[in-house]
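Listed below, chain by chain, are the residues.
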Amino acid sequence: ARFRINPVIGFILVGVLAGPMGLGSLVAQAPWLYYFTISDPHSIEGFAELGIVLLLFSIGLELSFRRLWSMRAQVFGVGAAELIGSALIIAIILITFFGISWTGATGLGLALSLSSTALVLPIVGTAGPVGRLAFAMLLFEDLALVPIIFGLGAIAPRATGGIDGLIQTLWMSGIAIVAMLIAGRLLLPRIFGQAARTKSPELFL
């Protein structure tokens, strides 16, 4: 705030400074840096994954099916065109100029075409026309992320299930989504209502 830097940029700069390629690489020479830096990136993977979960959860809190349906043209039109188009261009370049197999090129194309919701939204916002289109594209990427992960797992070199594994994963995930929808509509309101009647913050948590 003092330097008037966007918080996201500030987080990145601090991460670079305190990370394993920054001051974290000097822990062997100065052991006291261990308490102020990150020398082992694997030690914070759990926090990073939790941060992504909380980010997607906060997006879900702000989004309803009604709003999603009202934005369907932008989300499933512009968002899908941006993701599929970018992935296709990257995959064609990788196949043509680097000789990568179609499975590897597809995986890299999809991975490199994804944007970071945590980076883009705080910078562009959602108020203006650019922000609304960016939000639509990011929202489609977030929605497409799970199918992409399932698909990549099915076409991975060490995948044993092939197309059968993909179909099994899809119907299992479909059952999980239906169960979550039913539980969210029927069970959670009663559970939260009971917690609210007890007036116990601990029980609500």
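Being a predicted model, the structure only gives us computed values, none of them experimental.

So, about the packing of aromatic side chains. In total, this model carries 3 aromatic pairs according to the counting rule given. Ring centres of F76 and F140 lie 6.2 Å apart, and the angle between their planes is 85 degrees; on these two criteria the pair is classed as edge-to-face. In this pair, F76 sits in helix α4 (residues 72-98) while F140 sits in helix α7 (residues 129-155), placing the two residues 64 residues apart along the sequence. Classification of F76 as partly exposed rests on a relative accessible area of 45%.

What follows covers the confidence of the model for the protein chain. Interpreting fine coordinate detail is not advised for predicted regions of low pLDDT. When the pLDDT values of the protein chain are averaged, the result is 85; 96% of them are 70 or greater. No element of the protein chain has a lower mean pLDDT than helix α6 (residues 117-124), at 76, and none a higher one than α4, at 93.

The next thing to look at is unusual backbone geometry. In the Ramachandran plot, R4 falls in the positive-phi region, its phi being about 55 degrees despite a non-glycine side chain. With respect to the element layout, R4 can be found in the segment before α1 (7-18). Of note in the backbone geometry, K199 takes a positive phi value of approximately 55 degrees without being a glycine. Inspection of the secondary structure puts K199 in the loop between α8 (162-198) and α9 (201-204).

What describes two packed helices is the angle between their axes and the distance between those same axes. Here α4 crosses α7 at 70 degrees, and the two axes come no closer than 8 Å. The angle between the axes of α4 and α7 places the two elements in the roughly perpendicular class. Where α4 approaches α7, its residues Q74, V75, F76, V78, G79, A80, E82 and L83 are matched on the opposing element by L133, A136, M137, L139, F140, E141, L143, A144 and I148. Classifying every residue of the contact of α4 with α7 gives 13 nonpolar, 2 polar and 2 charged.

Turning next to the side chain of S113. Note that S113 resides in helix α5 (residues 102-113). Engagement of the side chain of S113 in a polar contact is seen with the backbone oxygen of L110, the distance being 2.9 Å. Aside from chain neighbours lying at most four places away, what touches S113 is E82, L83, S86, A87, I90 and E141.

Another point: the layout of surface pockets. In this model, the largest pocket occupies a volume close to 1400 Å³. For the largest pocket, the lining is made up of 26 residues, of which G60, F65, L143, M180 and L181 are closest to its centre. Within the residue set of the lining of the largest pocket, elements represented by two or more residues are α2 (45-62), α3 (65-70), α7 and α8. Considering every element that reaches the lining of the largest pocket, the biggest residue donor is α8, with 9 residues. Residue composition of the lining of the largest pocket, by class: 20 nonpolar, 4 polar and 2 charged. Space inside the second largest pocket adds up to approximately 380 Å³. Lining the second largest pocket we find P7, V8, F11, I12, A48, G51, I52, L55, A118 and L119. Among the secondary structure elements, those contributing two or more residues to the lining of the second largest pocket are α1, α2 and α6. A breakdown of the residues in the lining of the second largest pocket according to their chemical character gives 9 nonpolar, 1 polar and no charged.

What counts as what
Residues numbered from 1 in each chain as written. Predicted model: local features only at pLDDT ≥ 70, side-chain atom pairs only at ≥ 80, totals over all residues. Heavy atoms only, no water. Phe/Tyr/Trp six-rings, centres within 6.5 Å; stacked < 30°, edge-to-face > 60°. Helix = DSSP H or I, 4+ residues; strand = E, 2+ residues; numbered from the N terminus. Buried < 20%, exposed > 50% of the residue type's maximum accessible area, 1.4 Å probe, protein only. pLDDT = per-residue confidence, 0-100. Axes fitted to C-alpha atoms, helices over the stretch in contact; angles between N-to-C directions. Parallel < 35°, antiparallel > 145°, perpendicular 65-115°, else oblique. Contact = heavy atoms within 4.5 Å. Nonpolar A, V, L, I, M, F, W, Y, C, P; charged D, E, K, R; others polar. Polar contact = N/O pair within 3.5 Å; in protein donor to acceptor, adjacent residues only side chain to side chain. 1 Å grid on protein atoms, 1.4 Å probe; cavity = no way out; pocket = protein on both sides within 12 Å on 5 of 7 lines; lining within 4 Å. Points joined across faces, edges and corners; volume = space filled by probe spheres on them.

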